[in-house]
Amino acid sequence: MPRHSAPRSSVESARKRLAAALLGTGALAGALLTAVVTPAAPPAPDREPGAASSELAQSSGD
């Protein structure tokens, strides 16, 4: 006869449920903060909002 593992304790399953709930809550909070928080500075007036910025210096054209 094969041996069966001991049944999981209720404490162990409660810990796993709590960890899963905290992970889900953290992910939801992160998504909400990303959607709600506004950037620290407005986009530059010569760029479209959300446009990728270059890391190279740009000439002023003077």
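See the structure above.
**Quick word on the overall build of the protein**
- When helices and strands are tallied, the protein shows 1 helix and 0 strands.
- In the protein, buried positions account for 0% of the 62 residues.
- Carbon together with sulfur atoms contributes 62% to the accessible area of the protein, which is approximately 6,200 Å² in total.

**As for the pattern of salt bridges**
- Under the defined criterion, the tally for this structure stands at 1 salt bridge.
- The partner of Glu12 in a salt bridge is Lys16, with the nearest N and O atoms 4.0 Å apart. Remark: Lys16 and Glu12 occur in helix H1 (residues 10–36); sequence separation between them is 4 residues, near one turn of the helix.
- Given the relative accessible area of 35%, Glu12 is considered partly exposed.
- For Lys16, a relative accessible area of 45% translates into the label partly exposed.

The rules we used
Residues numbered from 1 in each chain as written. Predicted model: local features only at pLDDT ≥ 70, side-chain atom pairs only at ≥ 80, totals over all residues. Heavy atoms only, no water. Helix = DSSP H or I, 4+ residues; strand = E, 2+ residues; numbered from the N terminus. Buried < 20%, exposed > 50% of the residue type's maximum accessible area, 1.4 Å probe, protein only. Areas by Shrake-Rupley, 256 points an atom, 1.4 Å probe, with all protein chains shown as cover. Salt bridge = Lys/Arg side-chain N within 4 Å of Asp/Glu carboxyl O.

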